[in-house]
Structure formats: structure tokens, C-alpha cells
Amino acid sequence: MSYADIFVYGWSLNLLMFFINLIIGIRSMNSKTKEQLLQENKILSRLKFEFDKYYPYRKYETIISYLMPFTAFFRVCYRLLEMKMFFSKNIEATLFDYMIFKYENDINIAKNKLD
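The text that follows walks through the structure, step by step, so that each part is easy to find. As the structure is a computational prediction, the values presented were derived from the model and not from experiment.

### So, the overall build of the protein
Within the protein, the secondary structure is distributed over 5 helices and 0 strands. Helices and strands in the protein line up, N terminus first, as α-α-α-α-α. When the backbone C-alpha atoms are referred to their principal axes, the protein occupies close to 50 × 40 × 25 Å. Evaluated residue by residue, the protein yields a buried proportion of 23% over its 115 residues. Pairs at least 24 apart in sequence give 68% of the contacts found in the protein among residues at least 6 apart.

### Here's the deal with helix H4 (residues 71-89)
Here H4 spans 28 Å end to end across 19 residues, near enough to the 27 Å set by a 1.5 Å rise per residue. Listed as buried for H4 are Ala72, Phe73, Val76, Glu82, Met83 and Phe86. Residues of H4 that are buried in the fold lie against helix H1 (3-30), helix H3 (58-67) and helix H5 (95-114).

### Considering the nonpolar core
Judged by nonpolar contacts, Leu44, Leu47, Phe51, Phe96, Ile100, Tyr103 and Ile107 together constitute the single largest core of 7 residues. When residues of this core are traced back to their parent elements, those giving at least two are helix H2 (34-54) and H5. No other element matches H5, which puts 4 residues into this core. Filtering out sequence-adjacent residues up to four positions away, phenylalanine 51 remains in contact with Arg58, Tyr103, Asp106 and Ile107. Ranked by size, the runner-up nonpolar core spans 5 residues in total, among them Met83, Ala93, Leu95 and Tyr98.

### Observations regarding a nonpolar patch on the surface
On the surface, Met1, Tyr3, Ile6, Phe7, Tyr9 and Trp11 cluster together into a nonpolar patch covering about 740 Å² of accessible area. Note that isoleucine 6 resides in helix H1. We classify isoleucine 6 as partly exposed; its relative accessible area is 33%.

Conventions we followed
- Residues numbered from 1 in each chain as written.
- Predicted model: local features only at pLDDT ≥ 70, side-chain atom pairs only at ≥ 80, totals over all residues.
- Heavy atoms only, no water.
- Helix = DSSP H or I, 4+ residues; strand = E, 2+ residues; numbered from the N terminus.
- Buried < 20%, exposed > 50% of the residue type's maximum accessible area, 1.4 Å probe, protein only.
- Contact = heavy atoms within 4.5 Å.
- Expected span 1.5 Å × (residues − 1).
- Core = buried A, V, L, I, M, F, W, Y, C linked by side-chain atoms within 4.5 Å.
- Patch = residues over 30% accessible without salt bridge, like charges linked within 9 Å, V, L, I, M, F, W, Y side chains within 5 Å.
- Areas by Shrake-Rupley, 256 points an atom, 1.4 Å probe, with all protein chains shown as cover.
- Salt bridge = Lys/Arg side-chain N within 4 Å of Asp/Glu carboxyl O.

Coordinates in, geometry out; function isn't part of it.
Here it is in C-alpha cells:
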């Protein structure tokens with residue numbers, strides 16, 4: 001197997017994970033009303049603003065991970081496993097609840113590192 005083949009497989013898996021993320025997001029959005037989505041957007045926007053103060057380059061890190069072979073694949077697999085564990089402990093939780101948990105958890109980690 002050549003290096004080119006390895007890169008193609010890696011980017012193919014990254015692309016697969018991008019589409020899996022997209023499908024999960026669309027399914028989550030389709031199950032809510034417009035008012036619910038607007039309310040959730042306000043809450044997540046506030047959390048994302050605070051998150052961006054502690055992790056200003058996270059957006060670029062994500063883009064780079066999709067450009068490097070296999071990186072996004074492993075990253076998204078880890079997130080999916082993390083989501084599965086969250087949902088197994090919180091039976092009635094939604095993707096929105098997981099996103100709030102993840103943002104707040106990452107923000108608290110960053111705050112504790114600064115102390």
C-alpha cells in the first residue's frame with residue numbers, strides 16, 4: 001500500500017465522519033419546532049461565546065483535523081463514544097443536553113486551568 005492510498009483512505013474516513021455529523025445534526029433539528037430551535041440557539045450561542053474566549057482557535061483545529069488523514073475519523077469516533085456514554089447515563093437527554101454538558105464541561109476545565 002502506497003502513501004497515496006493511505007491518504008485517500010484517511011480522507012475518505014474523514015469525509016464519512018463529516019456526513020455522519022451532518023446527518024446527526026439534521027435529524028436533531030428536524031425533531032424540533034422553530035421556537036425550540038431559536039431558544040436552544042440563544043443558549044448555545046451564549047455558551048459558544050464563552051467557550052471561544054478560552055479556546056479561540058478551536059474552529060481552525062477542527063478544520064485542520066478534517067484535512068489530515070484519519071484525524072477527524074478518530075476525533076469523531078471518540079465524540080460518538082462519549083455521546084453514547086452520556087445518553088446511556090441520561091436516558092431522557094437530547095443532543096441539545098449533550099451540547100450544553102460538553103460546552104460547560106470544557107469551559108470549567110479551562111477555568112480550572114487558569115486558577
